[in-house]
Amino acid sequence: MDKQQLFENIKRKKSFLCVGLDTDIKKIPEHLLKEEEPIFAFNKAIIDATADLCIAYKPNLAFYESMGVKGWIAFEKTVQYIKKNYPDQFIIADAKRGDIGNTSAMYARTFFEELNIDSVTVAPYMGEDSVTPFLTYEGKWVILLALTSNKGSHDFQLTEDVNGERLFEKVLRKSQEWASEDRMMYVVGATQGRAFEDIRKIVPNHFLLVPGVGAQGGSLDEVCKYGMNSTCGLIVNSSRGIIYVDKTEKFAEAARKAAQEVQAQMAEQLKAIL
Ligand SMILES: O=c1ccn([C@@H]2O[C@H](COP(=O)(O)O)[C@@H](O)[C@H]2O)c(=O)[nH]1
C-alpha cells in the first residue's frame, strides 16, 4: 500500500486509527479458552468488530512469540485473515527488529516474503546496514523507532550531542538518506506532546506511527495539534484501550464501542484538513 492509498483510506473512513492486537491469553475472555485457537478466535472477533472504524492493525510480536509455535500460528492466521477479508487494512508487524545486514535480511524475508505484511517496526540503533535490508522490498514500509512513548525515551533518545541535537532528531535526519517518505515512517509516542512540533520541522511529510493514547495516557488532541499534516500523516495506535475494555461474551461489541469513540474524535480532527 502506498502513501496515497493510505490517505484515501483515512479520508473514506474518517479515521487514522490503528487497532493494536496485543493479544494475551491471560487477558482474553474466559469463554474463549475452550476454543481450539483462542488467540485467533479473539483476534477475529476484534477485527470483525472494528474493521470499518480503523485503517490499520498492529499485532505486536512479543504477544505471539511468548506462546511459541502456537503463538506464531495465531499470528500468521491473523495476518492472513485480515489480508483476505479486509484487504484495505495496513498491517504493521510491531517487531522492533534490526541486526547486522545479513541477519536483518532474514527478518525482512520473514515479514515481507513469507508473510507479505505491509510494514515492520525497526530499531535504528545499529545504523544504516541494519535498516536497508528492509528497504529492498518494493511497496513495503520500514517504521523506524524515533521517539518512543515510554519513560526510558529520556535515557538516550532525548539526550543532546555537543551541538544540541537530540538523538531522536539525528535518527530522523540521518535516516532520510536511506529512504524517502514513500517507504519510511517513524514511531513517535503520543506521550511526547509538543515534541511533535520539532519532529514536523525535520519530517514534515512522513507518516508517523503514534502509540500511547488510551492506556498510556497520551493526548490525541495534542498529537493532532502538533503532528497532523496535510495528508494526515498520522496512524494512531490503541491496543489495551480497545481490545480489553470488556471481558464478558460481549467483548467485541465493547471493543467496537471504544473504537467508535476514538474514530469520532479522529473525524472531528480531520475536519481541519479535509
Ligand atoms: O514507543 C512505543 C513503541 C511501541 N509501542 C507499542 O504500542 C502498543 C501500545 O499499546 P497500548 O496498550 O495502547 O498502550 C504496544 O504494542 C507497545 O509495545 C508503544 O507503546 N510505544
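As recorded in an unreviewed UniProt entry, the chain goes by Orotidine 5'-phosphate decarboxylase and comes from Bacteroides faecichinchillae. Its UniProt record gives the chain a comment under Sequence similarities (unreviewed entry), which states: "Belongs to the OMP decarboxylase family. Type 2 subfamily." The chain has a UniProt comment under Catalytic activity (unreviewed entry) that states "orotidine 5'-phosphate + H(+) = UMP + CO2".

Looking now at the UniProt feature "active site" (unreviewed entry) in the chain. Using the residue numbers shown here, the UniProt feature "active site" (unreviewed entry) corresponds to Lys 96. By secondary structure assignment, the location of Lys 96 is in strand β3 (residues 90-97). For Lys 96, a relative accessible area of 40% translates into the label partly exposed. What Lys 96 contacts, discounting residues up to four positions off in sequence, is Asn 60, Thr 121, Val 122, Ala 123 and Leu 145. At 2.8 Å, the side chain of Lys 96 forms a polar contact with the side chain of Asp 94.

Here we take up the site of the ligand. With respect to spatial proximity, 15 residues lie near the ligand, and among them Asp 22, Ser 149, Gln 216, Ser 239 and Arg 240 are the closest. A distance of 3.1 Å is found between an oxygen atom of the ligand and a side-chain nitrogen or oxygen belonging to Lys 58. A distance of 2.9 Å separates an oxygen atom of the ligand from a polar atom in the side chain of Asn 60. Isolated, the ligand exposes 460 Å² of accessible area, and the fraction of that covered by the protein chains is 87%. Elements supplying a minimum of two residues to the shell around the ligand: β3 and β8 (234-238). Residue composition of the shell around the ligand, by class: three nonpolar, seven polar and five charged.

Where helix α8 (residues 195-202) meets helix α9 (residues 220-227), the axes come as close as 8 Å, and the angle between the chain directions of the two elements is 30°. When the interaxial angle is binned, α8 and α9 end up roughly parallel. α9 is crossed by α8, and the crossing has right-handed handedness. The residues of α9 that touch α8, namely those facing Phe 196, Glu 197 and Arg 200, are Val 223, Tyr 226 and Gly 227. Here the contact of α8 with α9 is built from residues that sort into three nonpolar, one polar and two charged.

Parameters and conventions
Residues numbered from 1 in each chain as written. Predicted model: local features only at pLDDT ≥ 70, side-chain atom pairs only at ≥ 80, totals over all residues. Heavy atoms only, no water. UniProt positions renumbered as here; feature names shortened; annotations may be inferred. Helix = DSSP H or I, 4+ residues; strand = E, 2+ residues; numbered from the N terminus. Buried < 20%, exposed > 50% of the residue type's maximum accessible area, 1.4 Å probe, protein only. Contact = heavy atoms within 4.5 Å. Polar contact = N/O pair within 3.5 Å; in protein donor to acceptor, adjacent residues only side chain to side chain. Near = heavy atom within 4 Å. Areas by Shrake-Rupley, 256 points an atom, 1.4 Å probe, with all protein chains shown as cover. Nonpolar A, V, L, I, M, F, W, Y, C, P; charged D, E, K, R; others polar. Axes fitted to C-alpha atoms, helices over the stretch in contact; angles between N-to-C directions. Parallel < 35°, antiparallel > 145°, perpendicular 65-115°, else oblique. Left-handed = near helix turned anticlockwise from the far one by under 90°.

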